[in-house]
Amino acid sequence: MGPALRCGDGMIGVFDSGFGGLTVLASLIEALPRYDYLFLADSARAPYGARSAEVIHRYTLESVEWLFDQGCTLVVLACNTASARALRNIQQLHLPAKRPDRRVLGVVRPSVEALAGLPPGAIPGKTLPSSVTGRVAVLGTDGTIGSDSYGIELHKLAPGIELVQQACPMWVPLVEAGELDGPGAEWFLRKSLDPVLRSGRMPSRILLGCTHYPLLLPALRRLVPPEVAILTQGGIVAERLGNWLERHPEQEARLGRGGRREIVTTDDPSWFAARGERMLGRTFTATQVRLRPLD
Ligand code: DGL
C-alpha cells in the first residue's frame, strides 16, 4: 500500500468518493476509449454526502493532488458532492497558485446544460433568454442540494427555467446495501420523489445528481410518470468532456493514448472490486493507495 503507484503522464484522473463514479468511468471509456484513465475512489472516507463543506473540500483536494502526483494532467470530479462543494475553490484558488498547468472539471455544469436542454459546448457565460422556460428537477445528496450549486448554475445559464431540488439522504445507503428494489427500497424512493412529483407542475426532466443513483433507475422508472425524462450523468459527462477536449486542444495533446485503465481505492480493494462490478459493467482488479494529508 502507499502512494507508490506511478502510472505515467497524461492519464485522465477520475475521482469519486466511492464506487458510484464507476458509472461515469464506464461512460467515459465507452465514449472516449482512446485515452488512459486512472480512477480513484476515496472509499475509506465515503460517503461524503452528509459531511461539512470544509471536510469535503479537504478530502477532495487530497484526492486531486494524489492524482496529479501520479501524472494526471486532467481530473474529472465524477462525484456531485465534491463538484458542488470543492470544485470552484480548486479551480479559482488552488490551481492558479499551485498547479497552473493542470485542469479539474466537475459534473454540475455539464449536467445543468443537459437539464436546460442545451447541446454540448454551450458557451460559458452565455445566458438563455428568460423566455426559455420550463420546470426541471435534480435529486442529490444533502451536500449537493445544500450547496445550491445546481440552482446557481442553472440560474446563470437559463434564468427562466424553474428548478426543484430534493435531497435523498437514504438513497446512497440503499445502493451501498444492495437494496435496489422491493417494498423497503420503494418506501424510501417515494419519500424523496413525492415532494418533486407532487409540488405543482410536473418537471419535464429529472436529473439523478449522484453517481450512486443510476442503479436505482429501474425502480425509479416505475415510480416516475413516463412522460418525465430521467437523466443519468455518465453519458452527459462523457459527451461534454469530448466536446471540452475539442475546444482545448492544448490539454487534449497532453493526454496519453495507451489504453491504460487503473482503478484504485483508499479502502479494501477486494471489497471495492466486488461491489463496483455492477457499476462498471465488468469485473476488474483494484489497488489500495493511501492519500497524503495536505500540509
Ligand atoms: N458520489 C457521491 C455523489 O455523487 C455520492 C456518495 C457520497 O455521498 O459520497 O454525490
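Above this text is the structure in question.
Here we summarise the structure given alongside this text.

**Some details on the pairing of strand β2 (residues 37-41)**
Next, step 1: Among the five residues of β2, five are classified as buried, and the element is accordingly described as predominantly covered.
Next, step 2: Sheet topology places strand β1 (residues 12-16) next to β2; five bridges connect them, and they run parallel. Across the sheet, the residue bridging to aspartate 16 is alanine 41, located in β2.
Next, step 3: Between the parallel pair β1 and β2, the chain is carried across by helix α1 (residues 22-31), and the sense of this crossover is right-handed.
Next, step 4: Where β2 lies against strand β9 (residues 261-265), five bridges are found, and the strand directions are parallel. Bridge pairing in β9 places phenylalanine 39 opposite isoleucine 263.

**Structural notes on the site of the ligand**
Next, step 1: Close contacts around the ligand come from 13 residues, with Asp16, Ser17, Tyr48, Gly49 and Thr81 the closest.
Next, step 2: A distance of 2.6 Å separates an oxygen atom of the ligand from a polar atom in the side chain of serine 17.
Next, step 3: Asparagine 80 is positioned with one of its backbone polar atoms (N or O) 3.0 Å from an oxygen atom of the ligand.
Next, step 4: Expressed as a share of its isolated accessible area of 290 Å², the protein-covered part of the ligand is 99%.
Next, step 5: Residue composition of the shell around the ligand, grouped by class: five nonpolar, seven polar and one charged.

**Topic: the packing of aromatic side chains**
Next, step 1: With the rule as written, the count across this model stands at seven aromatic pairs.
Next, step 2: Ring geometry for tyrosine 48 versus tyrosine 59: centroids 5.6 Å apart, planes at 55°, classification tilted. One end of the pair, tyrosine 48, is in the loop between β2 and α2 (53-69); the other, tyrosine 59, is in helix α2, with eleven residues separating them in the sequence. Judged on exposure class, the residue tyrosine 48 and its partner tyrosine 59 are both buried.
Next, step 3: Plain terms: the ring middles of phenylalanine 272 and phenylalanine 284 are 6.1 Å apart, the flat faces sit at 70° to each other, and that makes the pair edge-to-face.

**Observations concerning the pattern of salt bridges**
Next, step 1: Counting across every chain of the model gives 18 salt bridges.
Next, step 2: Two residues, glutamate 113 and arginine 240, come together in a salt bridge whose shortest N-O distance is 3.0 Å. Of this pair, glutamate 113 sits in helix α4 (residues 108-115) while arginine 240 sits in helix α10 (residues 233-247), and the two are 127 residues apart along the sequence. Take glutamate 113 and arginine 240: they sit in the same class, and that class is buried.
Next, step 3: For arginine 135, the salt bridge goes to glutamate 162, with nearest N and O atoms at 3.2 Å.

Quick notes on the rules
- Residues numbered from 1 in each chain as written.
- Predicted model: local features only at pLDDT ≥ 70, side-chain atom pairs only at ≥ 80, totals over all residues.
- Heavy atoms only, no water.
- Buried < 20%, exposed > 50% of the residue type's maximum accessible area, 1.4 Å probe, protein only.
- Helix = DSSP H or I, 4+ residues; strand = E, 2+ residues; numbered from the N terminus.
- Pairing = 2+ DSSP bridges.
- Right-handed = clockwise from strand over helix to strand, strands pointing away.
- Near = heavy atom within 4 Å.
- Polar contact = N/O pair within 3.5 Å; in protein donor to acceptor, adjacent residues only side chain to side chain.
- Areas by Shrake-Rupley, 256 points an atom, 1.4 Å probe, with all protein chains shown as cover.
- Nonpolar A, V, L, I, M, F, W, Y, C, P; charged D, E, K, R; others polar.
- Phe/Tyr/Trp six-rings, centres within 6.5 Å; stacked < 30°, edge-to-face > 60°.
- Salt bridge = Lys/Arg side-chain N within 4 Å of Asp/Glu carboxyl O.

Nothing here speaks to function; it is geometry throughout.
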